[in-house]
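# Examining the three-dimensional arrangement
Residues per chain, in single letters:
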Amino acid sequence: MGLPRFGPPNPNPKAVVGDDGETKKTNRVISSPNLYVANCGPAVGISHDAIATVFASFGHVQGVYAADDSGARVIVCYDDHSCAAAALTALHGRPCPQLAGRSLHIRYSVLQPSPTTVQSNSIQVCLSASETAIPGLYLLPDFVTPHEEQELLAAVDARPWISLAKRRVQHYGYQFCYQTRNVNTKQHLGALPSFVSPVVERVSSFPNLNDAADVSLDQLTVNEYPPGVGLSPHIDTHSAFEGLIFSLSLAGPCIMEFRRYAQGAWFPKPGSSIDTEESENPEKCTNFSRRAIYLPPRSMLLLSGEARYAWHHYIPHHKIDIVNDNVIKRSSRRVSFTLRKVRTGPCQCQFPQYCDSQR
């Protein structure tokens, strides 16, 4: 469930592993089933699965996690201390043929207790859409495979990005104008790119859809979020998009929060940005319902009905998320694919109090 909270490795590796390769224990070293492993990871072309396979030779591996944002250091977690000690003795400071011959630098890492206090405005984070009790909200984990995830990321990284204030974007089908929060239907950019075709085909069989024929998506926005960057509360403009909104999360996790305001929607001033860290409580309003959901990498979120038209959604501007007492560190990047249908007629939804066309 995301990245556990680990302490730094012991600063003196010789106190752990002697020159003769034997594990040394002193009163300065805390033995642990968790190992800090440097010089391997996705940044140097070695997947977490490959690392887990090598370390599984010494015992059951509970998980492999990013140790930091570098992509070249990981935490390997075993069931017990003896497995970690065996792996450390065998692999520390030696080239590993199964990991491209890289010399691994390994130390013990100690799991830290969860914080005893949580921010006063914290909220219980749901792990499934049904827990939120928001009508029309659905979440499918593992919507794409890790291999498909890498192919999608490679496809967008091969294309030019547009830099905004705090993130980068790409638009396909129609370009979204952030100043007007709308699209110009007269400026068609062409069909959606072929690399997203498998995803579009797969959403047509998404559970809980009343009519698969309604899934005629023609607009794609790709967002890249660095650590700590989110979105301020907003409802995707009723007059710009109709029907369903799909959002695929890639490369990193995040928390998405939802708010339904008692007096209806609030509309930002023209030209304002949803990138800003402005107050996440618009117009000082405190009368709202609030929910939160954890979006793991490769998951697909569907906003339909009330969830799409009546609830503001946003991503808090945090580098660390707390999910039910677990500390989850945002990765070096999160990339989302948001698929929508550009509106061709007036909005006829059942939530006019949240509709920008009713102002």
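Since this is a predicted model, take the numbers as computed values, not measurements. (Residues numbered from 1 in each chain as written. Predicted model: local features only at pLDDT ≥ 70, side-chain atom pairs only at ≥ 80, totals over all residues. Heavy atoms only, no water.)

### Section: the layout of surface pockets
The volume enclosed by the largest pocket comes to roughly 1,400 Å³. Around the largest pocket, the lining comprises 40 residues; the ones closest to its centre are His48, Glu149, Ala251, Pro297 and Arg298. If one sorts the elements of the lining of the largest pocket by residue count, helix 4 (residues 146-157) sits on top with 5 residues. Per-class residue counts for the lining of the largest pocket are 19 nonpolar, 11 polar and 10 charged. Here the lining of the largest pocket gathers at least three residues from each of two domains, domain 1 (29-111) and domain 2 (125-266 + 287-354). (1 Å grid on protein atoms, 1.4 Å probe; cavity = no way out; pocket = protein on both sides within 12 Å on 5 of 7 lines; lining within 4 Å. Points joined across faces, edges and corners; volume = space filled by probe spheres on them. Helix = DSSP H or I, 4+ residues; strand = E, 2+ residues; numbered from the N terminus. Nonpolar A, V, L, I, M, F, W, Y, C, P; charged D, E, K, R; others polar. Domains from an automatic or database assignment.)

### Points about the sheet that holds strand 15 (residues 254-261)
Within the open sheet, the 4 strands sit side by side as 13-18-15-16. Their pairing is antiparallel. Of all the strands in the sheet, just strand 13 (231-234) and strand 16 (288-295) have a single pairing partner and so form its edges. On average, each strand axis in the sheet is inclined to that of its neighbour by 20°, with strand direction left out of account. Bridge count between strand 13 and strand 18 (residues 312-315): 2 bridges; the pairing is antiparallel. (Pairing = 2+ DSSP bridges. Axes fitted to C-alpha atoms, helices over the stretch in contact; angles between N-to-C directions.)

### Thoughts on the pairing of strand 19 (residues 320-323)
The alternating pattern of strand 19 places Asp321 and Val323 on a buried face, while none of Ile320 and Ile322, on the opposite face, is buried. As judged from the 4 bridges shared by strand 19 and strand 20 (residues 326-329), these two strands associate in the antiparallel manner. Bridge pairing in strand 20 links Asp321 to Ile328. Between the antiparallel neighbours strand 19 and strand 20 lie 2 residues, among them Asn324 with a positive phi of about 50°. (Buried < 20%, exposed > 50% of the residue type's maximum accessible area, 1.4 Å probe, protein only.)

### A closer look at the pattern of salt bridges
This structure, assessed with the given rule, holds 10 salt bridges. A salt bridge links Arg333 to Asp157; the shortest N-O distance between them is 2.9 Å. On the criterion of sequence distance, the pair formed by Arg333 in the loop between strand 20 and strand 21 (334-342) and Asp157 in helix 4 is long-range, its members being 176 residues apart. A residue is classified by how much of its surface remains accessible, and Asp157, at 39% relative accessible area, is partly exposed. The structure contains a network of salt bridges with shared partners spanning Asp157, Arg168, Glu224 and Arg333. (Salt bridge = Lys/Arg side-chain N within 4 Å of Asp/Glu carboxyl O.)

### Side note on the confidence of the model for the chain
Taken residue by residue, the chain gives an average pLDDT of 81. The fraction at 70 or more is 79%. Strand 20 is the least confidently modelled element of the chain, averaging 78 in pLDDT, while helix 4 averages 96, the highest of any element. Contacts from residues 114-120, a stretch scored under 50 in pLDDT, to residues over four places away or in other chains number 6 contacts. Below a pLDDT of 50 lies the segment residues 276-281, which in the model reaches 17 contacts outside its immediate sequence neighbourhood of four places, other chains included. (pLDDT = per-residue confidence, 0-100. Contact = heavy atoms within 4.5 Å.)

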